[in-house]
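# Descriptive structure summary
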Amino acid sequence: MYTHLAVRTKSELQRGENEPRWKKARGVEQRNAGLAWLRENVRRSTANGVVYFIDDDNTYDLDIFEQMRWTKKVSIWPVGLVGGLKWEGPVCENGKVIKFWTAWDLTRPFPIDMAGFAINIKLLLDNPSAVIDIDAPQGHLESSLLKLLVTKDELEPLADNCKKILVYVQFATVLLLVVNGLKYSFCQNVFSGDVFTKTATKHRIRRENYEFHNNLAKLYQTILRMKRSEVAVDRLLSRFARKNLDKNVPTIYCITPTYARPTQKADLTRLCQTLQHVWNFHWIIVEDSEYKTGLVSRFLERCGVTYTHFAVRTSPHLRRKSKSPRWHVPRGMEQRNKGLQWVRRNFDPKRMKGVVYFADDDNTYDVEIFRKMRETKAVSIWPVGFVGGLRWEGPVCQNNTIIDFRVAYKPNREIPVDMAGFAVNAKLVVNNPHLKFNPNSVDIGHSESEFLTMVTSKDTIEPLGDLCNKVLVWHTRTSPARLHREAVLNGKSFPDLEC
């Protein structure tokens with residue numbers, strides 16, 4: 001359910017081409033328009049809910065939405081990767097805020113990020129003048145609203161008494177695009193999944209299957225009466241659906257390399273919540289590490305997606321130097337090969353069906369791509385957004401046949417495709433034990449092409465229906481977290497929350 005509004009920012013508040021993001025307040029008029037709509041359309045007598053301000057490029061753990069439902073006035077929690085710190089926000093004891101962990105502008109009455117609080121809707125309706133002040137000093141937007149509604153003593157800590165990070169402030173990297181010889185800067189926003197996409201979409205339940213629907217509805221209501229969280233309910237429903245649906249649906253084996261960095265858990269959280277909407281799915285996640293880290297192990301246990309977890313440290317000569325560009329050496333190849341090795345050992349082509357896909361942990365995926373790739377007979381292919389210096393790169397199709405490739409970067413590649421733009425039938429992987437990535441390839445950017453040409457060619461690769469006419473995968477990259485204020489707080493007593 002949604003309401004769609006359009007409000008253009010005043011010209012004097014619009015950000016200039018070379019101005020930094022923080023120079024001018026952004027989204028104030030749009031958020032206030034949302035508050036105005038609520039006051040015009042929600043009756044005080046029937047109002048029951050909370051108001052939360054979501055940025056479209058942040059990352060959210062679904063658990064925060066379940067917790068904020070019970071907000072009486074204003075609830076509050078820490079936010080990761082903001083204010084130049086690993087996390088910023090309240091420090092709590094016994095259900096009370098005792099101080100704030102922050103290193104930026106200590107004069108703020110409420111030193112929290114826009115993603116770090118929720119407001120009971122009745123409180124907003126009872127205070128019609130409470131809006132975000134467009135003229136507030138830099139960084140004081142949140143305080144300009146909250147000081148009209150609540151005092152610090154009335155704040156309600158969530159996220160396990162403010163001991164968990166369930167929200168992360170993230171920005172997608174601004175990508176350079178080349179169109180007809182002209183250069184443009186563009187930033188693709190990333191998104192998370194939604195726990196409420198249940199029966200018809202997530203589990204592909206056929207409408208004519210009345211008995212299945214009836215049993216599923218009863219199960220759902222039973223769990224709700226047990227007061228289990230929405231996240232727990234959704235996971236149990238997913239297991240129920242898998243047991244009762246067609247067993248012949250191919251399993252997707254998704255291989256994801258990952259490595260330690262400040263945004264790792266935030267990136268994995270966003271990807272996890274997309275994958276929770278995909279059933280018959282096995283996530284093979286391989287850390288670039290000597291051992292499986294506690295952070296990733298704990299994350300996977302909580303994610304709810306079926307997984308296998310490995311750690312494979314990249315060979316010393318292939319490790320990226322601190323100041324070298326990202327593309328200087330092939331990355332994640334040994335980790336992907338470990339995932340392929342697991343598939344060969346565990347997939348039985350005589351009795352199982354499946355496809356293999358390589359998903360980077362900071363890309364963005366429409367769940368439809370997973371549904372379509374199950375149809376892969378040998379090797380399927382599709383376009384990818386924001387890659388190779390273009391808005392999209394990949395095959396151009398006509399009558400379900402590839403007639404050309406839209407590519408500007410190394411067009412001489414035999415199969416010019418991004419890692420996110422193809423899937424391979426698992427039987428092909430098992431029956432071709434030589435099929436693996438070459439970590440020592442000297443041709444930068446040719447890893448995908450060298451891999452695919454072992455088992456297919458331009459003439460035999462499969463476009464999947466109308467998939468060539470859609471972009472359902474985006475090669476987004478999270479900007480590095482700026483944690484320059486961590487040193488400011490060294491020596492101070494604050495909890496070290498896992499981010």
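Parameters at a glance
- Per chain, the residues get numbers from 1 upward, laid out in the order the sequence is written.
- Where totals are concerned, whole chains, interfaces and linings use all residues; where local detail is concerned, this predicted model gives features only for residues with pLDDT of at least 70, and gives and counts side-chain atom pairs only at 80 or more.
- Calculated side-chain values reflect all of the structure's heavy atoms, with hydrogen atoms and water omitted.
- Secondary structure is summarised from DSSP: a helix means a run of H or I of at least four residues, a strand means a run of E of at least two, and numbering begins at the N terminus for each.
- Buried means the residue's accessible area, taken with a 1.4 Å probe over protein chains only, is under 20% of the maximum for its type, while exposed means over 50%, and partly exposed covers the values in between.
- UniProt positions are given in the numbering used here, feature names are shortened, and annotations may be inferred rather than shown by experiment.
- For this analysis, residues touch if any pair of their heavy atoms sits within 4.5 Å.
- Nonpolar cores were defined as sets of buried Ala, Val, Leu, Ile, Met, Phe, Trp, Tyr and Cys residues, with membership established by side-chain atoms within 4.5 Å.
- Whenever two N or O atoms come within 3.5 Å, that pair is a polar contact, provided that in protein one can donate a hydrogen and the other can accept it, and provided that, for residues adjacent in sequence, both atoms are side-chain atoms.
- Any pair of Phe, Tyr and Trp rings, taking the six-membered ring for Trp, is counted once the centres come within 6.5 Å. Such a pair is stacked with planes under 30 degrees apart, edge-to-face with planes over 60 apart, and tilted for the rest.
- Throughout this description, the term salt bridge denotes a Lys or Arg side-chain nitrogen within 4 Å of a carboxyl oxygen of Asp or Glu.
- The rule for a disulfide is simple: a pair of cysteine sulfur atoms within 2.5 Å.

### Describing the overall build of the protein chain
- Tallying secondary structure elements over the protein chain gives 14 helices and 23 strands in all.
- Counting across all 499 residues of the protein chain, residues that qualify as buried make up 51%.

### Some remarks on the UniProt feature "site: Interaction with galactose moiety of substrate glycoprotein" (unreviewed entry) in the protein chain
- Per the UniProt record, "site: Interaction with galactose moiety of substrate glycoprotein" (unreviewed entry) is found at Glu393.
- Relative to the elements of secondary structure, Glu393 occurs in strand 19 (residues 390-398).
- Once you skip the residues sitting within four places of it in the chain, Glu393 turns out to touch Pro383, Val384, Val387, Gly388, Arg406, Val407, Tyr409, Arg413, Pro416, Val417 and Asp418.

### Side note on the nonpolar core
- Formed by 34 residues in total, the largest nonpolar core has its most connected members in Val356, Phe358, Val424 and Phe451.
- Once residues within four sequence positions are removed from consideration, Val424 is found in contact with Val355, Val356, Thr376, Ala378, Val379, Val429, Leu435, Phe451 and Leu452.
- Ranked by size, the runner-up nonpolar core spans 31 residues in total, among them Ala359, Met373, Val384 and Leu467.

### Focus: the UniProt feature "binding site: UDP-alpha-D-glucuronate" (unreviewed entry) in the protein chain
- Residues given the UniProt feature "binding site: UDP-alpha-D-glucuronate" (unreviewed entry) here are Pro257, Thr258, Tyr259, Asp288, Arg331, Arg336, Asp360, Asp361, Asp362, His475, Thr476 and Arg477.
- Within the secondary structure, Arg336 is located in helix 11 (residues 333-346).
- If sequence neighbours within four positions are ignored, Arg336 has contacts with Ile255, Pro257, Arg331, Phe358, Asp360, Met419 and Phe437.
- Looking at Arg336, its side chain comes within polar contact range of the main-chain oxygen of Arg331, at 2.9 Å.
- Judged by relative accessible area, Asp361 falls into the buried class, the value being 4%.
- Setting aside its immediate chain neighbours within four residues, Asp361 contacts Thr256, Pro257, Thr258, Tyr259, Arg261, Asp267, Leu268, Arg270 and Leu271.
- Side-chain polar atoms of Asp361 contact the side chain of Thr258, separated by 2.8 Å.

### A look at the side chain of Thr71
- Its place among the elements puts Thr71 in the loop between helix 2 (63-68) and strand 3 (74-76).
- Of note is the side chain of Thr71, whose polar atom sits 2.7 Å from the backbone oxygen of Met68.
- Apart from the residues within four sequence positions on either side, Thr71 is in contact with Val50, Ala118, Ile119, Asn120 and Glu156.

### A closer look at the packing of aromatic side chains
- Scanning all chains against the criterion turns up 19 aromatic pairs.
- Between Trp87 and Trp101 the ring centres are 5.6 Å apart and the planes differ by 25°, which places this aromatic pair in the stacked class. Of this pair, Trp87 sits in strand 5 (residues 85-93) while Trp101 sits in strand 6 (residues 96-101), and the two are 14 residues apart along the sequence.
- The buried category is assigned to Trp87, whose relative accessible area is 1%.
- Relative to Phe299, the ring of Trp283 has its centre 6.3 Å away and its plane inclined at 80°; by these criteria the two rings are edge-to-face.

### Details of the pattern of salt bridges
- With the rule as written, the count across this model stands at 19 salt bridges.
- Of the charged contacts in the structure, one is a salt bridge between Arg371 and Glu368, with a shortest N-O distance of 3.4 Å. Highlighted residues: Arg371 and Glu368, both in helix 12 (residues 368-373), separated by three residues, approximately one helical turn.
- The class for Arg371 is partly exposed, based on a relative accessible area of 36%.
- Overlapping salt bridges, with partners in common, bring together Arg261, Asp267, Arg270 and Asp361 in one network.

### Description of the state of the cysteines
- Scanning the entire structure with this criterion turns up two disulfides.
- Residue Cys272 pairs covalently with Cys303 via a disulfide, S to S 2.1 Å. As the torsion about the S-S bond is roughly 110°, the Cys272-Cys303 disulfide counts as right-handed. Residue Cys272 is located in helix 9 (residues 264-275), and its partner Cys303 is located in helix 10 (residues 294-303); the two are separated by 31 residues in the primary sequence.
- By relative accessible area, Cys272 is classed as buried at 4%.
- A sulfur-sulfur distance of 2.1 Å marks the disulfide that ties Cys397 to Cys468. Here the residue Cys397 occupies a position in strand 19, and Cys468 occupies one in the loop between strand 22 (462-463) and strand 23 (473-474), the gap between them amounting to 71 residues. Both residues of the pair, Cys397 and Cys468, belong to the buried class.
- The connectivity of the disulfide-linked cysteines in the protein chain, indexed sequentially, is 1-2, 3-4.

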